[in-house]
Amino acid sequence: MMYYINKMKLTNYYIKYKSSHNNKYLVNTLTGKINVIQDNLYEDFTRIENGELNIHNKSLDFFIQNQYLCNDRDEFNLINFAFEKFQKHIQKHLAIFLYITYDCNLMCTYCNYKYIDEGKNTMSEIKIDYAFEAIAKLIKDSEQEEITFILFGGEPFLNKNKEILFSFLDKYSRFKLQNSSKKHKLITFTNGIEIPLFITKHIDYLRIFDSIYITLGGSKLSHNRARIFPNNKGSYDFVINGVNKLLTENIPVWLVFNSSKSNVNELADINSLIKLNKWDQCCSFLGCCVSRIKSRGMIGIIETYTEQELIYDVSRLIEEKQIDQSLFNFEDMRILKNIERLFLLPDENKDFHQFYGCGNRINQYSFTPDGKIYPCSPSAGKEKYFIGEFYPSFSIKNEHGHLWTYNNVFHLEKCKTCSMAFLCAGGCQYSAREKMHNEKKENYIPDCMDAVQIVYAYIEAVEKNINITNSETIYERL
Ligand code: SF4
Ligand code: SF4
């Protein structure tokens, strides 16, 4: 039963937290108000949570003023106002992942794309033409101001595929000119192995990229255990050579490290590597992007590394001076980004609300070598998830069973009343679908990550003056 006091109800959208420094916080996750409160207010708030009616008037005034106690109409208006603002910028950025090939020169032990059939491997020139035509249709008459192309794989830099790669780059340059009213960015993910070949003979093509992301598996030992050639030999030295060569040519490079509970300490090895090679003194070295390993229901990957776990681990590494935080970007923190916006934006511009878990089917698409379009990169190549095609003709299907964008804070029962509703907005839909046994709408359960724990971890880090650097380099905020 809803609890009312002075005709006001206690909002769902708050977080109460006592930090390890004994500071007491109330955060209104709808208005964005952050209050560090005294003991008496903290105790009175706890009384309200417990349904007690006998509360000091001063405390009541404070809770009403800061909208912890509110009425339904005001709350409804606040949500609508935030949703209108959200819709205005929702379509401003488009991210296109283009899988030029599924083929690869490594056989990493943890490869995501082992399920892909042989025979659908590399895009043909005609498919690249069709892909650009489809993208032109996607952006036609739309409000998108920025388009990021992410050249993906497989391994995009295979010498044997160089003609098709160059064809893509020529067509990309033309597309950019034809759509010069938009901002464009081209990035790519590579293992770096064959990069030196391209530097020697085709450096101008490499200069088309705004930045190149090269994956490193941590220390030499760990890297060589997982990122192996078909003959089981490790690829570490080739990767380091690739990075060095790109930096010598002043081509912007990000390292990429996939972190988990068991390897996070290897950030210290990467830190030492960067210093040893003096990469940090090179203006085209952009740093190391740290992402998280997520199981997303995948058989064989049992470990999911949560945002709060990464925050606590990174705080410890920074405190112990094992890593220099300025060298790392913890980009893969979907909810932390929104929490930081809530905490750091000025009161008059608290523009942090999210209404969808992510931008799949809204502002990101993945184009694969078989001519299909998928809603997001982890789902690419899993046929049950394709949402359209660009070859032999362009079409985007209506949503099947309302299983993607339908799953937002307005429709998911669990999320409607969650204190983190406008910071998490329903979680990863791909992960939820991977864990479902039957894809009926009524069976959908969000893959809930207990997001309030991320706020606690964030507050603990801030109280130690630790800033977990977290800036967007690929996606833009929804
Ligand atoms: S997925 Fe979980 S944390 Fe996220 S909004 Fe829904 S209930 Fe809240
Ligand atoms: S559905 Fe999940 S995996 Fe796909 S883009 Fe969204 S958050 Fe990422």
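The coordinates are above.
Structure report, in brief. (Residues numbered from 1 in each chain as written. Chains lettered and ligands numbered in written order. Predicted model: local features only at pLDDT ≥ 70, side-chain atom pairs only at ≥ 80, totals over all residues.)

### What about the sheet that holds strand β4 (residues 24-28)?
Quick reminder of the rule: Note on pairing: DSSP must find at least two bridges between two strands before they are called paired. Under the DSSP-based scheme used, a helix requires at least four consecutive residues in state H or I and a strand at least two consecutive residues in state E, with every element numbered from the N terminus. A fitted line through C-alpha atoms represents every axis, and for helices the fit uses only the stretch in contact; the resulting angles, taken between N-to-C directions, go from 0 to 180 degrees. C-beta atoms are placed from the backbone for every residue, and two residues are taken to be in contact when these atoms lie within 7 Å.
Taking strand neighbours across the sheet as the criterion, the three strands line up as β3-β4-β5 in an open arrangement whose pairing is antiparallel. Pairing within the sheet leaves two strands with one partner each, and these edge strands are β3 (14-18) and β5 (34-37). Neighbour-to-neighbour, the strand axes of the sheet open up by a mean angle of 15°, direction not taken into account. Note: β4 against β5, four bridges, orientation antiparallel. Bridge pairing in β5 places V27 opposite I34. Packing of helix α15 (residues 452-463) onto the sheet brings it into contact with β3 and β4, and relative to β3 it is tilted by some 45°.

### Things to note about the site of ligand 2
Filter applied, for reference: We count a residue as near a molecule or strand when its backbone-placed C-beta atom lies within 6 Å of that partner. Residue polarity is assigned by list, with Asp, Glu, Lys and Arg as charged and Ala, Val, Leu, Ile, Met, Phe, Trp, Tyr, Cys and Pro as nonpolar; anything else, Gly included, falls into the polar class.
Near ligand 2, the surroundings consist of G357, C358, N360, C376, P378, C428, Q429, Y430 and S431. Here the shell around ligand 2 is composed, by residue class, of five nonpolar, four polar and no charged.

### Regarding the site of ligand 1
Taken together, 13 residues lie near ligand 1, and C415, C418, C424, G427 and C448 sit nearest. Taken together, the elements giving at least two residues each to the shell around ligand 1 come down to α12 (413-416) and α13 (421-424). Across the shell around ligand 1, the residue classes break down as ten nonpolar, two polar and one charged.

### A few points about the nonpolar core
The criterion, for reference: For this analysis, nonpolar core means a set of buried Ala, Val, Leu, Ile, Met, Phe, Trp, Tyr and Cys residues linked through C-beta atoms within 7 Å. Here the C-beta atoms are placed from the backbone, and a residue counts as buried if at least 20 other C-beta atoms lie within 10 Å of its own, exposed if 12 or fewer do, and partly exposed otherwise. Where each domain begins and ends follows an automated or database-derived domain assignment.
Grouped together as the largest cluster of nonpolar side chains are 113 residues, with contacts concentrated most on I96, F97, L98, A131, F367 and A421. Split by domain, the residues of this core number at least three in each of domain 1 (4-70) and domain 2 (86-349).

### Let's talk about the sheet that holds strand β15 (residues 372-374)
Working definition: the strands of a sheet are paired by backbone hydrogen bonds and lie parallel or antiparallel to each other. As summarised here, the arrangement of the eleven strands in space is β13-β12-β11-β10-β9-β8-β7-β14-β15-β16-β17, forming an open sheet in which the pairing is mixed. Of all strands in the sheet, those bounded by a partner on one side alone are β13 (328-329) and β17 (395-396). Sheet analysis places strand β16 (residues 388-389) next to β17, joined by two bridges and oriented antiparallel. Across the sheet, residue G388 finds its bridge partner in β17, namely I396.

### Overview of the environment of G217
Tracing the chain through its elements places G217 in the loop between β10 (211-215) and α7 (220-226). Residues G217 and R227 lie ten residues apart in sequence; the distance between their C-alpha atoms is 7.1 Å. Those residues in contact with G217, other than ones at most four positions away along the chain, are S222, H223, A226 and R227.

These results come straight from atomic positions and should not be treated as a statement about function.
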